[in-house]
Amino acid sequence: MIRTILGLHAGAGEHGVHSVLIDIPDQIGLIRPVFRMGMYQAFPLEVCRWLAKAGDKPSRESRYFDNACKIIADQFSTLALSTIKEADLKEESIFAVGCDSSLGAMEGSRRFLAFRGWGPGQDISQTTGLSVVCINSDGDAGRSSSFDPVFSYPGASIFAQGNEPVLMIHLGGVIKISAFAPGLPPLTFQGGPCASLFELIFNTESTALLSVDFLSKRAVQGKMQQPLLDKWSGLALRCMPFGKSKSRADCALFLEEIQAGYKDHDAEDLLCTAHHFVIELIKNQMEKVPAEYKGGRYIITGSHARNGFLRHLLGLSLADKKLEIADSCGIPAPSWDSFSRALVATYALDGVNPLAGISRSTTRPLASFYPGSNASWGKCLRWMERHSRQAG
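Note that this is a predicted model, so its numbers are computed, not measured.

About the criteria used
Residues numbered from 1 in each chain as written. Predicted model: local features only at pLDDT ≥ 70, side-chain atom pairs only at ≥ 80, totals over all residues. Heavy atoms only, no water. Helix = DSSP H or I, 4+ residues; strand = E, 2+ residues; numbered from the N terminus. Expected span 1.5 Å × (residues − 1). Buried < 20%, exposed > 50% of the residue type's maximum accessible area, 1.4 Å probe, protein only. Salt bridge = Lys/Arg side-chain N within 4 Å of Asp/Glu carboxyl O. Phe/Tyr/Trp six-rings, centres within 6.5 Å; stacked < 30°, edge-to-face > 60°. Lys NZ or Arg CZ within 6 Å of the ring centre and 35° of its normal. Axes fitted to C-alpha atoms, helices over the stretch in contact; angles between N-to-C directions. Parallel < 35°, antiparallel > 145°, perpendicular 65-115°, else oblique. Left-handed = near helix turned anticlockwise from the far one by under 90°. Contact = heavy atoms within 4.5 Å.

Undergrad: Is there a simple way to explain helix α11 (residues 336-350) in this structure?
TA: Residues three or four positions apart in an α-helix share a direction because the helix packs 3.6 residues into each turn. Over its 15 residues, α11 extends 21 Å from the first C-alpha to the last, a length consistent with the 21 Å expected when each residue adds 1.5 Å. A large share of α11 lies buried, amounting to 15 of its 15 residues. Residue Gly351 follows α11 closely and has a positive phi angle near 70°.

Have a look at this one:
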């Protein structure tokens, strides 16, 4: 049996939703995801305008907030159905849907703070009839960022058959560095803001979609401001790692300190300096990665894997390493977060726990469930019952 799982994710600075379909062959003790396809759907202009008008921190008390939630939920549901149709499948072919319990909860974005506690999961299940697995993350950013789904579960790594180390640098809302080496435990380090910092700089300039290519070209036109870079780096040294206390567990709080005092600089200079800052954060975390993990492939994932300027700076920083984009693994880099949501949904349905040694700061369940139609939810229940018997 092959299960087809749909993953959905809205990331910092992306102004829309990414979807991914993956196939999971039924192999006992193994999860070998096969990427089928991915799609993207932009939020309507009125939502983008509201976010732009609200600035860096939209208010939950805004009269438009409830309407924005409804529109965003509709976009998730519409994209889910469009992806299924584009893949020439029927709704009953989809085993389940994976998404975050709260919109953008793991993105470190100040814009998503207002949505904490709200996610599109229930609306998706009611609109599509599909059962939804919501990845729990609220108030637990330290836990949610402490492991990577591609590496941290038994039999789950798509690189497990290789005989060389793999180091992944994720450039999404936040930086995440994950390392895998044969015979060694997986490691993951959260590095700080990436897209969540870039969107902060251009939060009110335009209601147009600020693409990765746009930001890269604007950054190249600017000049790196060393005093500002030194100030940000000093804050980073004082505040990180984010998980060391509850007050620093959220990257958005770190951005609040970074934001102070930078309005005196041109936008291009700010953006150029922000790109250099992201590289500094990556370098700081790379120093913590043991040498045994650094001798193999270096793969960049996330929306800003296609940021040419950022990739150029990273290449200079890692001069002796050849950088690959996730596309070389058959998964489009901007689709990586959606891919990981589908993967974690698979683990939740299988009742699989992270590998021994992977930190879990709470006993909170990995995910919660919104049942879809009787047929969809019955299929999930039968599967979970079968696996609980096997585990027993």
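Having seen the model, we can carry on.
Undergrad: Looking at this structure, I do not really get the pattern of salt bridges. What am I missing?
TA: Opposite charge on two side chains permits pairing when their charged atoms draw close. What the rule picks out here adds up to eleven salt bridges. Residue Lys70 pairs with Asp74 through a salt bridge whose shortest N-O separation is 3.3 Å. Of the two residues, Lys70 and Asp74 both sit in helix α2 (residues 65-86), four residues apart, roughly one turn of that helix. Using a relative accessible area of 33% as the deciding quantity, one classes Asp74 as partly exposed. Here Lys217 makes a salt bridge to Asp213, at a shortest N to O gap of 3.2 Å. Remark: Asp213 and Lys217 occur in helix α6 (residues 212-220); sequence separation between them is four residues, near one turn of the helix.

Undergrad: I would appreciate a short explanation of the packing of aromatic side chains in the present structure.
TA: By convention here, two paired aromatic rings are described through the distance between centres and the angle between planes. One pass over the structure, following the stated rule, counts seven aromatic pairs. Between Phe369 and Trp377 the ring centres are 6.0 Å apart and the planes differ by 50°, which places this aromatic pair in the tilted class. Assessed through its relative accessible area of 29%, Phe369 is described here as partly exposed. Each residue in the set Phe65, Phe112, Phe115 and Trp118 is aromatic and connected to the rest through ring pairs, giving one cluster. The ring of Phe95 has Arg3 sitting right over it, with the charged end atom 5.5 Å from the ring centre.

Undergrad: How should the packing of helix α9 (residues 267-286) against helix α10 (residues 308-317) be read in this particular structure?
TA: Relative orientation of the contacting elements α9 and α10 amounts to 40°, with a least axis distance of 10 Å. Between α9 and α10, the crossing angle belongs to the class labelled oblique. α9 and α10 meet at a crossing whose hand is right-handed. Judged by residue contacts, Cys272, His275, His276, Val278, Ile279, Ile282 and Lys283 of α9 engage Phe309, Leu310, Leu313, Leu314 and Ser317 from α10.

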